[in-house]
There are 2 protein chains.
Amino acid sequence: MTEKGLLIVLSGPSGVGKGTVRQAIFSKGERDFIYSISATTRQRREGEVDGVDYFFKTREEFEDMIKNDQLLEYTEYVGNYYGTPVDYVQKTIDAGKDIFLEIEVQGAMQVKERMPEGTYIFLTPPNMDELEARIVNRGTDESPVIRQRMEKAIEEIELMRYYDYAVENDTVENAVSKVLAIIQSEHLKVSRLLESKLPNQGE
Amino acid sequence: MTEKGLLIVLSGPSGVGKGTVRQAIFSKGERDFIYSISATTRQRREGEVDGVDYFFKTREEFEDMIKNDQLLEYTEYVGNYYGTPVDYVQKTIDAGKDIFLEIEVQGAMQVKERMPEGTYIFLTPPNMDELEARIVNRGTDESPVIRQRMEKAIEEIELMRYYDYAVENDTVENAVSKVLAIIQSEHLKVSRLLESKLPNQGE
């Protein structure tokens, strides 16, 4: 009985450094997991390979995928569609491999609706603690700029609520080691082990 | 706002090597946590210090603690009581320090009833996988000895159900690094972070 792979979703506010952390995780090569390949309608660029860099689709094909519920999440950006094909994710998990998605917050929430069993990691900016302290003590006079930063931080914390883990991106190295600890520990969860090993002894 | 410490309970079948793993974790000294000091009615030995090695109690004092619900768990062994004082554990957690208990399975279950928010780690013998495969394929002929080992393994898996994580004690080094990853990852849980940082923004 093969243990199922994990769906790992790394997200967080834009500009927080998700891409850098994801690249560092994959270049470390410690864990054997698969990076989720997106489908897109944008033009293939020189050197890009279909099924490696992207699944390249026509607009019609992509809209069929939307209609047929074949995307975990999708978005339109500068006139092109980008999305995560559900069958690629599902096949990887069923084959016992972890699949890693690095996506925007809106996309992550779409994925969570479909696959709540995934592991959702929220990357926070390094100054989160400081901002949180300000939020807790708010009411004292602050400049409009600070207020605005505070409001942004509140919004970010509100989003964090929907995630399983929060990792502060203070340094890329620290963030990577924390994400790897989370993945290792998720694999050790009794609920996952029992599910995979004794499928007929469940309640 | 101080983040609360974690209650970490390491348990598992007798003879699995809990003590060795616990000692290795503490001698590594990577994480700043406190080993839970037991209360006992046994005689203090040469060199032992009250409040360091044990909290030494008279039989009457210990029985008062039982009556007053001041023990997270206790057991009687060779005519002496051993138990975990609840206030020491609670004070450590409230001070934002992790507290580490290494106890027998029966004691662990007593603790879980009182403090279900703890992190419960089950240490399994290194041959668990093999035994599990046998359990799954049982029904074929096996010797009585193998059957007995299988029954033992079934009992162990049944107990594992009540824990959050299972760690195979294949090598002490591997087991230690897994336990440390679990503790690190538990600290990154959004549920814990929000509880400690924004106590009045719940729901």
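Residues numbered from 1 in each chain as written. Chains lettered and ligands numbered in written order. Predicted model: local features only at pLDDT ≥ 70, side-chain atom pairs only at ≥ 80, totals over all residues. Heavy atoms only, no water.

Enquirer: Please clarify how the overall build of chain A should be interpreted in this entry.
Expert: Along chain A, the regular secondary structure elements total eight helices and nine strands. Buried residues in chain A amount to 46% of all 203 residues. A separation of at least 24 residues holds for 65% of the contacts in chain A among residues at least 6 apart in sequence. Total accessible area computed for chain A in this model is approximately 10,700 Å², and 46% of it derives from carbon and sulfur atoms. (Helix = DSSP H or I, 4+ residues; strand = E, 2+ residues; numbered from the N terminus. Buried < 20%, exposed > 50% of the residue type's maximum accessible area, 1.4 Å probe, protein only. Contact = heavy atoms within 4.5 Å. Areas by Shrake-Rupley, 256 points an atom, 1.4 Å probe, with all protein chains shown as cover.)

Enquirer: Just to check I follow, could you spell out the packing of helix α1 (residues 18-28) of chain B against helix α7 (residues 172-187) of chain B for this structure?
Expert: For any two helices packed against each other, the geometry comes down to the angle between their axes and how far apart the axes lie. Residues and elements named next belong to chain B. In the contact formed by α1 and α7, the axes pass within 9 Å of each other and the chain directions differ by 65°. Classified by the angle their axes make, α1 and α7 are roughly perpendicular. Handedness of the α1/α7 crossing: right-handed. Where α1 abuts α7, its residues Thr20, Val21, Ala24, Ile25 and Lys28 lie against Val172, Ala175, Val176, Val179 and Leu180. Per-class residue counts for the contact of α1 with α7 are eight nonpolar, one polar and one charged. (Axes fitted to C-alpha atoms, helices over the stretch in contact; angles between N-to-C directions. Parallel < 35°, antiparallel > 145°, perpendicular 65-115°, else oblique. Left-handed = near helix turned anticlockwise from the far one by under 90°. Nonpolar A, V, L, I, M, F, W, Y, C, P; charged D, E, K, R; others polar.)

Enquirer: Would you take a moment to explain the pairing of strand β5 (residues 71-77) of chain B for this structure?
Expert: Taken residue by residue, a regular strand's side chains alternate between the two faces of the sheet. All names here are of chain B. Where β5 meets strand β6 (residues 80-85), six bridges bridge the pair, whose relative direction is antiparallel. The residue bridging leucine 71 from the neighbouring strand is proline 85, located in β6. With antiparallel pairing between neighbouring strands as the criterion, β5 and β6 make up a hairpin whose turn holds two residues, including valine 78 at a positive phi of roughly 50°. (Pairing = 2+ DSSP bridges.)

Enquirer: Help me understand the packing of aromatic side chains, please; the structure alone is not making it clear to me.
Expert: Aromatic ring pairs are described here by two measures, namely the spacing of the ring centres and the angle between the planes. Overall, the coordinates contain 22 aromatic pairs over all chains when judged by the stated rule. Consider the rings of phenylalanine 62 of chain B and tyrosine 74 of chain B, whose centres lie 6.4 Å apart with planes at 70°: the pair is edge-to-face. Of this pair, phenylalanine 62 of chain B sits in helix α2 (residues 59-67) while tyrosine 74 of chain B sits in strand β5, and the two are twelve residues apart along the sequence. Taking the relative accessible area as the measure of exposure, phenylalanine 62 of chain B reaches 0% and is therefore buried. Arranged with centres 4.8 Å apart and planes meeting at 5°, the rings of phenylalanine 62 of chain B and tyrosine 81 of chain B form a pair that is stacked. Taken together, the residues span a long stretch of sequence, with phenylalanine 62 of chain B in helix α2 and tyrosine 81 of chain B in strand β6 at a distance of 19 residues. Tyrosine 81 of chain B carries the same exposure label as phenylalanine 62 of chain B, and that label is buried. A cation over an aromatic ring shows up here: lysine 112 of chain A above the ring of tyrosine 120 of chain A, its NZ or CZ 6.0 Å from the ring centre. (Phe/Tyr/Trp six-rings, centres within 6.5 Å; stacked < 30°, edge-to-face > 60°. Lys NZ or Arg CZ within 6 Å of the ring centre and 35° of its normal.)

Enquirer: Please explain the sheet that holds strand β6 (residues 80-85) of chain A as it appears in this structure.
Expert: Pairing between the strands of a sheet comes from backbone hydrogen bonds, and it takes one of two forms, parallel or antiparallel. Residue and element names in this part refer to chain A. Taking strand neighbours across the sheet as the criterion, the four strands line up as β4-β3-β6-β5 in an open arrangement whose pairing is mixed. The two strands at the open ends of the sheet, each matched to only one other strand, are β4 (55-56) and β5 (71-77). In this fold helix α3 (residues 86-94) packs onto β4, β5 and β6, with an angle of close to 25° to the strand it touches most, β6.

Enquirer: How should I be thinking about the UniProt feature "binding site: ATP" (unreviewed entry) in chain A in this particular structure?
Expert: Residues and elements named next belong to chain A. Per the UniProt record, "binding site: ATP" (unreviewed entry) is found at Gly12, Pro13, Ser14, Gly15, Val16, Gly17, Lys18 and Gly19. As for its position among the elements, valine 16 is in the loop between β1 (7-11) and α1 (18-28). In this structure valine 16 comes out as buried when scored by relative accessible area, which is 10%. Beyond its immediate sequence surroundings of up to four residues, valine 16 is in contact with Leu123, Thr124, Pro125 and Asn169. With respect to the helices, strands and loops of the structure, glycine 17 is situated in the loop between β1 and α1. (UniProt positions renumbered as here; feature names shortened; annotations may be inferred.)

Enquirer: What exactly am I supposed to notice about the confidence of the model for chain A here?
Expert: Where the model shows low pLDDT, its predicted coordinates should not be examined in detail. All names here are of chain A. Per-residue pLDDT for chain A has a mean of 86; in total, 84% of the residues score no lower than 70. The secondary-structure element of chain A with the lowest mean pLDDT is helix α5 (residues 128-136), recorded at 61, while helix α2 (residues 59-67) shows the highest, at 97. Low pLDDT, under 50, characterises residues 199-203; the stretch is placed with six contacts to residues that sit more than four places away or in other chains. (pLDDT = per-residue confidence, 0-100.)

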